[in-house]
Amino acid sequence: MIIDSHQHFVRLAKHPEVEGFRKAQLAGQNPDALPNILDTDVKKSLEQVVSLMETRGIDVAFASPRAKAMATHDGTVNQNAIWADLNNGLISRACQLTPGRFVPVGMLGQHPSCPSEQVAKQIDRWAKEGFVAFNFDPDGTGGRWLNQPFTGKHNYPVFEVAQGLDVPLVLHGSESINKNFPHTAVQYLVADITGFVQLMMAKDLFRDFPRLRFLIPHAGGALPCQIGRWRAIAKHNNWASPDEILGNGNVYVDTCVYNDLNMQMLFDAVPLDNILFGSECDGAFPGVMNDETKDHYDNTRRYVDDSKLSAADKDRVYAANARRVYPRASRWIKA
Ligand SMILES: [Zn+2]
């Protein structure tokens, strides 16, 4: 079995009525009625990704709303809660309309002035609806990084409910209004790097929440090539080392890197038990061709298959690790 742990339903998020709803919200109109998206439209938005999964032999994908559309810096507390519920509702329907194919991962109505108790309630509500994990934006200020580190006590209600319900938090950046940080090329990776280092710095966090788990996408940002730097800084500053937070099962990464060399660096740097297969298929750069492979860049299965890992190790990366780290996913996955 092959599980893709990192997908976003970008085409669904781009439905004109969904985008129109957010636009109206941000214009202060606050529409009473949620957009009425037909089942046929939901299914149609999935055709391309399902076809690519079939071609690539991907059995199941963990799917969440479009990351850019979280736009946690924008809107108001109330608007963002409604916006997250709307997007989660669509993800839930998409997963139910294609049984055995997708597993729902949610977004949260974060906002710089939103009390984390409210975000915690949203996790509780959607976990009861079958969601197995939640994207959490460690910035929340649109690429300006004006908030306190996300690991602080102000977010403890979120961490408490995530640990209690056994749902990992995926540290995922969102829209950037900082023109120096284009969202896919920079802001997401800054969020990965910042997220990983803040988890090293947060001495109390995993003492207070020993079973809390974070997934840091895109191979943990700079982790494969800078783990030595972070080991040194951790020793120098008396932070937790990368090896400690990985080894204790608090932090995991995915395989969202897009060539053989970087995939091999990831496998060399990070323990295999901490790596989950992911591709961002059909979301980050749909259809863009890699001249070396004559295939889409986001067919990350190629790079895993090309690696020197044994068949048993590939099985861990492809499925066993995802099932262990996302225990609630089992109910969505056919045996
Ligand atoms: Zn993503």
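Owing to the predicted nature of the structure, the values given are computational and were not obtained by experimental measurement. (Residues numbered from 1 in each chain as written. Predicted model: local features only at pLDDT ≥ 70, side-chain atom pairs only at ≥ 80, totals over all residues. Heavy atoms only, no water.)

A. Just the overall build of the protein, in detail. For the protein, the helix and strand inventory stands at 14 helices and 10 strands. Against the globule reference of 20 Å for 335 residues, the protein gives a C-alpha radius of gyration of 19 Å, in line with a compact fold. On the principal axes, the C-alpha backbone points of the protein span a range of 50 × 45 × 40 Å. Look at the contacts in the protein between residues 6 or more apart in sequence, and 76% of them connect residues 24 or more apart. (Helix = DSSP H or I, 4+ residues; strand = E, 2+ residues; numbered from the N terminus. Rg over C-alpha atoms; globule rule 2.2 N^0.38 Å. Contact = heavy atoms within 4.5 Å.)

B. Examining the packing of helix α10 (residues 223-237) against helix α12 (residues 260-269) more closely. With their axes 7 Å apart at the nearest point, α10 and α12 run at an angle of 35 degrees to one another. Where α10 approaches α12, its residues Pro224, Cys225, Ile227 and Arg231 are matched on the opposing element by Met265, Leu266 and Ala269. Tallied by class, the residues present in the contact of α10 with α12 amount to 6 nonpolar, no polar and 1 charged. (Axes fitted to C-alpha atoms, helices over the stretch in contact; angles between N-to-C directions. Nonpolar A, V, L, I, M, F, W, Y, C, P; charged D, E, K, R; others polar.)

C. Representation of the pairing of strand β7 (residues 251-254) in the model. What you see with β7 is no split at all: Val251 and Val253 on one side and Tyr252 and Asp254 on the other are buried throughout. Where β7 and strand β8 (residues 275-276) come together, 2 bridges link them in parallel fashion. Bridge pairing links Asp254 to Leu276 in β8. For the handedness criterion, the β-α-β arrangement of β7, α12 and β8 is classed as right-handed. (Buried < 20%, exposed > 50% of the residue type's maximum accessible area, 1.4 Å probe, protein only. Pairing = 2+ DSSP bridges. Right-handed = clockwise from strand over helix to strand, strands pointing away.)

D. Structural view of the sheet that holds strand β4 (residues 134-136). Taken together, 5 strands build an open sheet; the order of strands is β4-β5-β6-β7-β8 and the sheet is parallel. The open sheet has two free edges, formed respectively by β4 and β8, since each of these has just one partner strand.

E. Here's a closer look at the nonpolar core. Core analysis: the largest hydrophobic core is formed by 104 residues, its most contacted members being Phe102, Phe159, Leu199, Leu205, Phe214 and Tyr326. If you tally residues by element for this core, the top one is helix α4 (residues 77-97), at 8 residues. Those residues in contact with Phe159 that lie beyond four places of it in its chain are Phe150, Thr151, Gly152, Leu169, Leu205, Phe209, Leu212 and Phe214. (Core = buried A, V, L, I, M, F, W, Y, C linked by side-chain atoms within 4.5 Å.)

F. Expanded view of unusual backbone geometry. Despite not being glycine, Ala71 shows a phi value in the positive range, around 40 degrees. By secondary structure assignment, the location of Ala71 is in the loop between β2 (60-64) and α4. Residues other than glycine seldom take positive phi values, yet Asn238 does so here, at roughly 60 degrees. Residue placement: Asn238 occurs in the loop between α10 and α11 (242-247).

G. Just α10, in detail. With 15 residues, α10 should reach 21 Å at 1.5 Å per residue; the first-to-last C-alpha distance of 18 Å falls well below that figure. Helix geometry: α10 is bent most strongly at Arg229, by close to 30 degrees. Those residues of α10 lying buried are Leu223, Pro224, Ile227, Trp230 and Ala234. Summarising the contacts, the buried residues of α10 are in contact with α7 (183-201), α9 (217-220), α11, β7 and α12. Where α10 terminates, the next one or two residues include Asn238, which has phi positive at roughly 60 degrees. (Expected span 1.5 Å × (residues − 1). Bend = angle between axes of the 7 residues up to and from the residue.)

H. Layout of the packing of aromatic side chains. Under the counting rule described, the total for this entry stands at 15 aromatic pairs. Aromatic side chains Phe9 and Phe102 sit 4.8 Å apart centroid to centroid with 85 degrees between the ring planes, which places their arrangement in the edge-to-face category. In this pair, Phe9 sits in the loop between β1 (3-8) and α1 (10-13) while Phe102 sits in strand β3 (residues 102-104), placing the two residues 93 residues apart along the sequence. Aromatic side chains Tyr156 and Phe209 sit 4.8 Å apart centroid to centroid with 80 degrees between the ring planes, which places their arrangement in the edge-to-face category. In this pair, Tyr156 is assigned in helix α6 (residues 156-165) and Phe209 in the loop between α8 (205-208) and β6 (214-216), connecting sequence segments 53 residues apart. Taken as a pair, Tyr156 and Phe209 share a single burial class, namely buried. The rings of Phe136, Phe150, Tyr156, Phe159, Phe206, Phe209 and Phe214 are connected pair by pair, giving a single aromatic cluster. (Phe/Tyr/Trp six-rings, centres within 6.5 Å; stacked < 30°, edge-to-face > 60°.)

I. Examining the pattern of salt bridges more closely. Counted according to the given criterion, the structure contains 14 salt bridges. Of the charged contacts in the structure, one is a salt bridge between Asp295 and Arg302, with a shortest N-O distance of 3.3 Å. Classification of Arg302 as partly exposed rests on a relative accessible area of 30%. A salt bridge links Asp305 to Arg301, with the shortest nitrogen-to-oxygen separation between them at 3.1 Å. Of this pair, Asp305 and Arg301 both sit in helix α13 (residues 301-306), 4 residues apart, roughly one helical turn. For Asp305, a relative accessible area of 33% gives the class partly exposed. Owing to a relative accessible area of 24%, Arg301 belongs among the partly exposed residues under this scheme. One salt-bridge network, held together by shared partners, links Asp273, Asp313 and Arg316. (Salt bridge = Lys/Arg side-chain N within 4 Å of Asp/Glu carboxyl O.)

J. Quick peek at helix α2 (residues 16-26). Taken as a whole, α2 has its buried residues at Val18, Phe21, Arg22, Ala24 and Gln25. Angularly, the buried residues of α2 cover 160 degrees about the axis, an arc narrow enough to put them on a single face. Summarising the geometry of α2, the exposed residues directed more than 90 degrees from the buried face are Pro16 and Lys23. Buried positions along α2 lie against α1 and α4. Just downstream of α2 lies Gly28, where phi reads positive at about 85 degrees. (Arc of directions from axis to C-beta.)

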